[in-house]
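Take a look at the letters that make up each chain.
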Amino acid sequence: MPHLTRTGTARRTSGADQLGFGVPGYAHPLLAPTEWAELTRPGTPLHWAVLNIDAGPGARPDPHCLEAAGRLRNARDRAVRSGAAQDTVRAGAGRLLGHLDLAFGNRPFGELVADAQSFLDWYRVDGFYLDHCPAERADLPAVRRLTSTLAALLDGGVDHGGEEAGSGLLVLGHGTHPYPGYAETADQLVTFSGAWTDYRWSQVAEWTADYPPGRFAHFVHGVPRTHLEEAMRIARWQGAGTIFFTDRTVRSHHGGQTDPFAALPGYWDEIVSRIGPGISE
C-alpha cells in the first residue's frame, strides 16, 4: 500500500537528501530579471530551469531570452572548468529546458517537434519540459513516440558543454502520479504540482520505490516559511530529488490567474541555504 508521507515505516534516504531546484517557469526575463540572475549565482543548487516564451519558443528568437539562456550556459561552463567546491551542483546540472505544452495529449506531434527544433536552434537548450503531460496508460505510446523523437533531436547536435551525446534531459510534467510505464520514457517525472494544503497530506505511489529520488520532482505553492522543514521532509520521504517550494499562491488577476512559480519565493535565500551549495548528483 502507498504510505502516507507522515506515517510511513521506511524512509528512503539514498540520494533523497540531495535536494536541488527545478524551476518550472519563471516569468519572461524582461519581467523577472532578478529571478533569472539568481539562477547564475555560484552555489545555487539548480538542477534545471524551464524557458517558456509564449507557451513554447515563440515565433522568433527573443533577445532577452537569448541573453538569459547564454548567462545560464556560461555560468555552468565556468563551474565545470573551475571545479569550485561551491559549484558542485551546477557542474553536474543547471540545465536549461525548453517548454513544450502537450495539452494533455491534444497537441499535434508535428507541432511539438517543430517547437522543440526551434528551442534547439535558437536557445541551445539542454532538454525539454513536457508540460501538461497526460498520465493515463492509453496515452503512453504517443508520449513514448514523442520522447524518443526528442531524444534523437538532442543526440543530433546539442552542445552539452563537453558531455557525452545523449545526455539531454527530458522531464514529464504530469503534476500527479502517472501510469508506471511513463517512468521508462523520460529522465524525470513531476509527480506533484499543487498547493501546500494538499501536499502535506499527500500519498506516494508504491511503484515509485523502484526508482531513485532523482527521477521525481515536486512543485508546491503556498508553503509557509514556518513549514519549510516539513515540506522538505515530505519531499525526501516520498523520494523527490528536485523541488520548487514557494510561499506565493494562485491569485485572480484581471480575469486570469497568477502563476505562483513565476517569481522567487519570499524566502529564497533561506531555502537555498537550507539545501546548501555543496551537493553533488
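Structure: above.
It is a probe the size of a water molecule, rolled over the atoms, that shows where empty space is left. Roughly 690 Å³ of internal volume is contained in the largest pocket. Every element with two or more residues in the lining of the largest pocket is listed here: β3 (95-101), β4 (127-131), β6 (188-195) and β7 (216-221). Among the elements that take part in the lining of the largest pocket, β6 stands out by supplying three residues, more than any other. By residue class, the composition of the lining of the largest pocket is 14 nonpolar, 12 polar and three charged.

We now examine empty space enclosed by the protein. Applying the stated criterion across every chain, the model contains one cavity of 30 Å³ or more. Of the volumes computed, that of the largest cavity is approximately 30 Å³. Taken together, H177, T191, V204, T208, F216, H218 and Q238 form the lining of the largest cavity. Split by residue class, the lining of the largest cavity holds two nonpolar, five polar and no charged.

Turning our eyes to something else, we now look at the packing of aromatic side chains. Two measures describe an aromatic ring pair: the distance that separates the ring centres and the angle between the ring planes. Under the criterion given, the structure shown has 15 aromatic pairs. With a centroid separation of 6.1 Å and 80° between ring planes, the pair formed by Y26 and F244 is classed as edge-to-face. In this pair, Y26 is assigned in the loop between β1 (20-23) and α1 (33-38) and F244 in strand β8 (residues 242-246), connecting sequence segments 218 residues apart. Classification of Y26 as buried rests on a relative accessible area of 3%. Ring geometry for W122 and Y123: centres 6.3 Å apart, planes at 85°, overall edge-to-face. Of the residues examined, W122 reaches a relative accessible area of 26% and is grouped as partly exposed.

Rules used in this analysis
- Residues numbered from 1 in each chain as written.
- Predicted model: local features only at pLDDT ≥ 70, side-chain atom pairs only at ≥ 80, totals over all residues.
- Heavy atoms only, no water.
- 1 Å grid on protein atoms, 1.4 Å probe; cavity = no way out; pocket = protein on both sides within 12 Å on 5 of 7 lines; lining within 4 Å.
- Points joined across faces, edges and corners; volume = space filled by probe spheres on them.
- Helix = DSSP H or I, 4+ residues; strand = E, 2+ residues; numbered from the N terminus.
- Nonpolar A, V, L, I, M, F, W, Y, C, P; charged D, E, K, R; others polar.
- Phe/Tyr/Trp six-rings, centres within 6.5 Å; stacked < 30°, edge-to-face > 60°.
- Buried < 20%, exposed > 50% of the residue type's maximum accessible area, 1.4 Å probe, protein only.

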